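As a plain string of letters, each chain reads:
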Amino acid sequence: MATYATSLMEDVKAKNPAEPEFHQAVEEVAESLELVLERRPEYRSARILERMIEPERVIMFRVPWVDDQGGVQVNRGFRVEMNSAIGPYKGGLRFHPSVTLGMLKFLAFEQVLKNALTTLPMGGGKGGSDFDPKGKSDGEVMRFCQSFMTELYRHIGPNTDVPAGDIGVGGREIGFLFGQYKRLANEFTGVLTGKGLNWGGSLIRPEATGYGSVYFAAEMLKTRSDTLEGKRCLVSGSGNVAQFTAEKLIDLGATVLTLSDSAGYIFDEEGIDRGKLDFVMSLKNERRGRIKEYADAYPSAAYTALEAEPAGATDPIWNHKADCAFPSATQNEINKEDAQNLLRNGVTVVSEGANMPTTSEGVSIFLDAGILYGPSKAANAGGVAVSGLEMAQNSMRFNWSREEVDQKLHSIMIDIHKHCVSVASDFGTPGNYVNGANIGGFLKVADSMLDQGIV
Ligand code: NDP
Ligand code: 2IT
C-alpha cells in the first residue's frame, strides 16, 4: 500500500476503532485515490478525503416498542448523514441484528460515491437499527417502525435527507415508516423512496437494483463482444436484489443456478425458471419462509445448510461450475478462497448487487486475474438511481410509465459503465472498474466540495 493511504489508514483506525467494515471501505478508496492525488494535489491540501470520511452528522437514538406479549423491547436507531455536497442525503435503512454505527458508516461512505456515479443530484447517507424483523408479526414491525420514525422524522425531509430500503426494509416497512412520518410532519412529501405505487412510489423501483446489476454485467460483457445469453449464473441471497437479478437474467436467456438465505442455499441444476422464481417471490415476500422450502418443492434442487459454518468460512455457493456470479446478499460473502474457487470454476464475470460483498483479498484476486469485475458502488447503483427518479416524479407530481423508468435506468447503467471505463483508462488502469468507480465518484464530490469552501 502506498504512503498516503498507509498514513491515512493509521489515523482512520485510531479514530474509529472496532469499525472493520468502515476501515475496509475507506482503504479500498484511498488506494485508488493515490493515482488522483499525485495529479491533483489541491485535493490533498484541502483535505477532501479526510473530510469525506467524517460524517457531516450522526444521529443515534433509542427505539422502544412493545411486543405482542406486552413486553418492552429496546433497540438502537441510527442515521449517518455522510455528505451533502451534491444533493440531499440519500440512502437506505437496514434493519438487521448486525447493524452498528461502523457498519452504517461503511455503507454511508460507499453511498456517497455511488450516488455521485448515478449522474443524479443526491448526497449520501445510511441508517437503520439492530432490530430483527425476522419472526416478528406485522403488528410488531409496525410498532417498531412507528417508534423509529417518531425520532427520525425531525432529522429528514424531501430536501434534507431521503431514506429508502436495504436489508430487512422493504415495501411493508417503508409503508409503516411513511405513515408515521406523514402523521408527525402533517405533510405528504417524497421523504422516503421505495413507496407503494398508490402513494407516490415509482414503477421499477423494486426491480431496479437487480435489473441494474444485470445491465451492468451485460455492458461489461459487451466490451468482450459477448452477452449473457446461455451463461450459467450463481446468485446469492433471495431478497429484493437477488429476486430481480434472477428475473432479468432469465429474461436475457441466462441460467440461474442458485439462491440463498442466511440459513443455506439451493442449487438447481435445471435452472430456476420463471415459474420457480414466482414460487420464491411468494415464499419470501408473502409467506416470509426459508429458501430450504424450494428444494422441498423442486426435486431438481439440492439444499445445503450453512448454519454450522463458522463466520468467514468458505461458502460452497461459490464452488460450482459457472460463468457469472451475482453476490446479492451481504458484505464480505466472498472471501479469498471463495474468489479462488470462482476462478477455478470458470467464472469470468462478477457483478456485485450487494454492498461490498467481496473482501479486500478477494477483490485483489479478481483484479489480478483480469476478469470482468463490477464493484458494488457501480454495479448496484441502479436501485438508488431509480430512487432519484422517484424523487423527481414526486417533485413533478407526475409518474412515468414502466417502460420510461426502465429505459432511464438502463441508460444510467450504460453511462455509469462508460464513465468507469473512461476514468480507469485516464488514470492508467484500463479495465479496472474498482479504480473507475472510486475515482469517478470521488471527482464529482471532491470538485463540489472545493467549490463550496471549507464546510
Ligand atoms: P433483503 O432483506 O431483501 O434480502 C437480503 C438477503 O440476503 C436475504 O436472502 C438474507 O437472508 C440474506 N442475508 C442478509 N444478511 C445476511 C447475512 N449476514 N448472511 C447471509 N445472508 C444474509 O435485502 P436486499 O436484497 O435489499 O439487500 C441485499 C444486498 O443488496 C445488501 O448488501 C444491500 O445493502 C444491497 N443493496 C440493496 C439495494 C436495494 O435497493 N434494496 C440497493 C443496493 C444495494 P435472510 O433472510 O436469511 O436474512
Ligand atoms: O445501498 C443502496 O444503494 C440502497 N440500499 C438503496 C438506497 C436508496 O436510497 O434507494
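The coordinates are above.
Every value quoted in this text rests on a predicted model; they were computed, and no experiment measured them.

### Side note on the overall build of the chain
Part 1 of the reasoning: Tallying secondary structure elements over the chain gives 17 helices and 13 strands in all.
Part 2 of the reasoning: Here the C-alpha radius of gyration of the chain, 21 Å, is about what a compact globule of 455 residues would show, namely 23 Å.
Part 3 of the reasoning: When its C-alpha atoms are laid out on the principal axes, the chain stretches across 60 × 55 × 45 Å.
Part 4 of the reasoning: If you take every contact in the chain between residues at least 6 apart in sequence, the share linking residues at least 24 apart comes to 71%.
Part 5 of the reasoning: Carbon and sulfur atoms provide 51% of the accessible area of the chain, an area that totals close to 17,800 Å².
Part 6 of the reasoning: Separation between the mean location of the 46 positive side-chain charges and that of the 59 negative ones in the chain comes to 4 Å.

### Regarding the sheet that holds strand S6 (residues 232-235)
Part 1 of the reasoning: Strand order in the open sheet made by the five strands is S7-S6-S11-S12-S13, with parallel pairing throughout. Two strands bound the open sheet, and with one partner strand each, they are strand S7 (255-256) and strand S13 (372-374).
Part 2 of the reasoning: Where S6 lies against S7, two bridges are found, and the strand directions are parallel. Bridge pairing links Cys 233 to Val 256 in S7.

### So, the packing of helix H1 (residues 3-15) against helix H2 (residues 20-39)
Part 1 of the reasoning: Put simply, H1 and H2 touch, their axes get as near as 9 Å, and they point 155 degrees apart. It follows from the interaxial angle that H1 and H2 lie roughly antiparallel. Handedness of the crossing formed by H1 with H2: right-handed. Along its contact with H1, which presents Thr 3, Tyr 4, Ala 5, Leu 8, Met 9, Val 12 and Lys 13, the element H2 presents Phe 22, His 23, Val 26, Glu 27, Ala 30, Glu 31, Glu 34 and Leu 37.
Part 2 of the reasoning: Here the contact of H1 with H2 is composed, by residue class, of nine nonpolar, two polar and four charged.

### Brief notes about the packing of aromatic side chains
Part 1 of the reasoning: In the structure shown here, the tally under the stated rule is 19 aromatic pairs.
Part 2 of the reasoning: Seen in terms of ring centroids, Tyr 43 and Phe 442 are 5.4 Å apart; in terms of plane orientation they differ by 85 degrees. Their pairing is edge-to-face. Placement of the pair is Tyr 43 in helix H3 (residues 41-45) and Phe 442 in helix H17 (residues 433-451), with a sequence separation of 399 residues.
Part 3 of the reasoning: The rings of Phe 61, Trp 65, Phe 95, Phe 131, Phe 144 and Phe 148 are connected pair by pair, giving a single aromatic cluster.
Part 4 of the reasoning: For Lys 276, the ring lying beneath its charged end belongs to Tyr 298, and the centroid distance is 5.6 Å.
Part 5 of the reasoning: Over the face of the ring belonging to Trp 400 we find Lys 408, whose NZ or CZ atom lies 4.5 Å from the ring centre.

### With respect to the sheet that holds strand S10 (residues 301-305)
Part 1 of the reasoning: Taken in spatial order, the three strands of this open sheet run S8-S9-S10, and their pairing is antiparallel. Strands with a single pairing partner mark the edges of an open sheet, and in this sheet they are strand S8 (258-261) and S10. Going across the sheet, the axis of each strand differs from the next one's by a mean of 15 degrees, ignoring polarity.
Part 2 of the reasoning: The pairing of S8 with strand S9 (residues 264-268) spans four bridges and is antiparallel. Along S9, the bridge assignment pairs Ser 260 with Tyr 265.

Here is what the cut-offs are and how they apply
Residues numbered from 1 in each chain as written. Chains lettered and ligands numbered in written order. Predicted model: local features only at pLDDT ≥ 70, side-chain atom pairs only at ≥ 80, totals over all residues. Heavy atoms only, no water. Helix = DSSP H or I, 4+ residues; strand = E, 2+ residues; numbered from the N terminus. Rg over C-alpha atoms; globule rule 2.2 N^0.38 Å. Contact = heavy atoms within 4.5 Å. Areas by Shrake-Rupley, 256 points an atom, 1.4 Å probe, with all protein chains shown as cover. Lys, Arg positive; Asp, Glu negative; His and termini not counted. Charge placed at Lys NZ, Arg CZ, Asp CG, Glu CD. Pairing = 2+ DSSP bridges. Axes fitted to C-alpha atoms, helices over the stretch in contact; angles between N-to-C directions. Parallel < 35°, antiparallel > 145°, perpendicular 65-115°, else oblique. Left-handed = near helix turned anticlockwise from the far one by under 90°. Nonpolar A, V, L, I, M, F, W, Y, C, P; charged D, E, K, R; others polar. Phe/Tyr/Trp six-rings, centres within 6.5 Å; stacked < 30°, edge-to-face > 60°. Lys NZ or Arg CZ within 6 Å of the ring centre and 35° of its normal.

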